[in-house]
Amino acid sequence: MKILLASSEVHPYSKTGGLADMVGALAKYLAQAGQKVGVVTPLYSGIREKFPALQPGNIRVRLPLGDRFVEAEIWTLEPVPNLTLYFVDQPDFYQRAALYQEGGRDYIDNAARFFFFSKVVAHLARTLPLRPDVVHTHDWQTGLVPLLIHHAAVQGAWRKAPRTCFTIHNQAFQGSFPWTDYPLTNLPWDYFTPHGVEFYGGLNCLKAGVVYSDLITTVSSRYAREITTEEFGCGLDGVLRNRQKSLLGILNGVDYDEWKTTGNPFLRHPYSLDNLAGKMENKTALQEEFGLPVTAEIPLFGTITRLAHQKGIDIQLNALEEMLASDMQFVLLGSGQPEFERGFRSLAGRHPGKAAVKIGYDHALSHRIEAACDFYLMPSKFEPCGLNQLYSLRYGTIPIVRATGGLDDSVTDATENIDAANGIKFYDYSARALAKAIRKALVLFEHPELLAHYRSNAMEADFSWERTAHEYINLYQRLQGGEWAVAY
Ligand code: ADP
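The present account deals with the structure reproduced in this document. (Residues numbered from 1 in each chain as written. Predicted model: local features only at pLDDT ≥ 70, side-chain atom pairs only at ≥ 80, totals over all residues. Heavy atoms only, no water.)

### Examining the nonpolar core
Next up, step 1: With 101 residues, the main nonpolar core has L5 and F116 as its most contacted residues.
Next up, step 2: By residue number, the principal contributor to this core is helix α4 (residues 110-127), which donates eleven residues.
Next up, step 3: In this structure F116 touches L63, L65, V70, E71, A72, V88, Q90, F93, Y94 and A111, once residues within four positions along its chain are discounted.
Next up, step 4: Listed in part, the 53 residues of the second largest apolar core include L251, A371, F426 and A437. (Core = buried A, V, L, I, M, F, W, Y, C linked by side-chain atoms within 4.5 Å. Buried < 20%, exposed > 50% of the residue type's maximum accessible area, 1.4 Å probe, protein only. Helix = DSSP H or I, 4+ residues; strand = E, 2+ residues; numbered from the N terminus. Contact = heavy atoms within 4.5 Å.)

### Details of the packing of aromatic side chains
Next up, step 1: Scanning the entire structure with this criterion turns up 21 aromatic pairs.
Next up, step 2: Each ring, one from Y44 and one from Y94, has its centre 6.1 Å from the other, and the planes form 85°; the classification is edge-to-face. Placement of the pair is Y44 in the loop between β2 (36-42) and α2 (47-50) and Y94 in helix α3 (residues 91-94), with a sequence separation of 50 residues. Side by side, Y44 and Y94 carry an identical accessibility label, which is buried. (Phe/Tyr/Trp six-rings, centres within 6.5 Å; stacked < 30°, edge-to-face > 60°.)

### Regarding the site of the ligand
Next up, step 1: As a matter of local geometry, the ligand sits amid 20 residues, with G18, D21, R306, K311 and G360 nearest to it.
Next up, step 2: Within the side chain of K15, an N or O atom sits 3.0 Å from an oxygen atom of the ligand.
Next up, step 3: A distance of 2.9 Å separates an oxygen atom of the ligand from a polar side-chain atom of D21.
Next up, step 4: When the free accessible area of the ligand is taken as 560 Å², the share hidden by the protein chains comes to 93%.
Next up, step 5: Secondary structure elements with two or more residues in the shell around the ligand: α1 (18-32), β15 (300-307), β16 (329-336) and α14 (388-394). (Near = heavy atom within 4 Å. Polar contact = N/O pair within 3.5 Å; in protein donor to acceptor, adjacent residues only side chain to side chain. Areas by Shrake-Rupley, 256 points an atom, 1.4 Å probe, with all protein chains shown as cover.)

### Section: the packing of helix α5 (residues 144-154) against helix α6 (residues 205-212)
Next up, step 1: Put simply, α5 and α6 touch, their axes get as near as 6 Å, and they point 50° apart. The angle between α5 and α6 places the two elements in the oblique class. Seen along the crossing, α5 lies across α6 with a hand that is left-handed. Contacts between α5 and α6 involve L144, P146, L147 and H150 on the former and, on the latter, C205, A208, G209 and Y212.
Next up, step 2: Looking at the contact of α5 with α6 residue by residue, the class counts come to six nonpolar, two polar and no charged. (Axes fitted to C-alpha atoms, helices over the stretch in contact; angles between N-to-C directions. Parallel < 35°, antiparallel > 145°, perpendicular 65-115°, else oblique. Left-handed = near helix turned anticlockwise from the far one by under 90°. Nonpolar A, V, L, I, M, F, W, Y, C, P; charged D, E, K, R; others polar.)

Written out as structure tokens, the structure is:
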């Protein structure tokens, strides 16, 4: 089968979060399974320098964007057999300091940047020699693609239009723009209705993806159910309920070629379930790095995160304030909302020798933290899939999670199944419930045999991408077979 993926970020070329990890791994494992795969993504600053094998692809596009035409050159890279990346080089739009925003403010031309990107994707889907059977787009930045393909098909531009799949990685980011940006789509106003892309008077790109794609997926089964409810739907729960028969959840996998405890270039001390000495050495090294007292006797907790409301930062700060009175250490790597950055800095200031934070984004350090910690804290308010709890499991770092979305689907608490327990879950979204879960971890740490049981369940859990990629291949085959065809 031939599949064209499109995403505004793809690891290892660009990344702000889990979306990049997912699309990078999906592409790689689909190709490994013998599918022909293309990935369209913007050419951001620094990519060409980091990947000198990138070639100008002899493809130039010139597409309307409102009342002007915008040009782009497509650069290509074939990192592994069966996989081609198509980088959209439009320097005015994509050669910037960041992907979506600077100083906490979205770029003011994000509508133009990602409408143009979506147009390039739909154009390449029609003109590339790949001739994809399925076009699989991700999140609001590519939400217009299914509509653009639908519209071109209605206009007779395709002999056989590809089927479309749209994956929601986070319902909270919808790409909402004022109606005055709609002309940038160059689509007729017929689509700008409450049954189409209109949402409370504006244009909603996520809604476009939900309404016009044949199949909608999200990144865990529980989140697929949650987003059809008022609590998690962010206003689009009704639209999703209308499309419930075409909405499925598939849990993301982990790229175990990268997230591994042996042969990992980011870890100085390799270890495995049979030989955990290296884990202890990683703990010592991290305690030194963060200026914490070096000791094996005190449990080390860690968090690596975007500092945003979604991640439960408010309850985490309050729970830690209380729990840091106990014998425990905590390290944080994160960046995001300034008030949360300040909150963690001042927490560390009030608890020297107990809590240490690094504000920033650091991929190598994220591996070191996963490897060094005894416990990983992830108290999200909502979590479509979540990746760090999956990395923690593989690294033998017991995850403490709130039972929501993919966290609930991937972690097993002792109250659910003591034989399979690999983490600690709590339910209420409150500092009290989180503090209680941390207290359970402190007790677990005092019982080495029980901790070893949890650790071995965690490290043996299998969330490999081979499984996830095969689930997607199965869906693509069903799509090709005519299932879920969207009716207008
Ligand atoms: P989300 O996509 O909502 O941010 P996920 O758990 O799905 O959350 O994925 C987050 C990814 O981004 C993980 O790979 C995580 O390690 C990484 N990450 C988040 N913040 C940082 C940071 N400050 N430094 C390094 N990696 C980070």
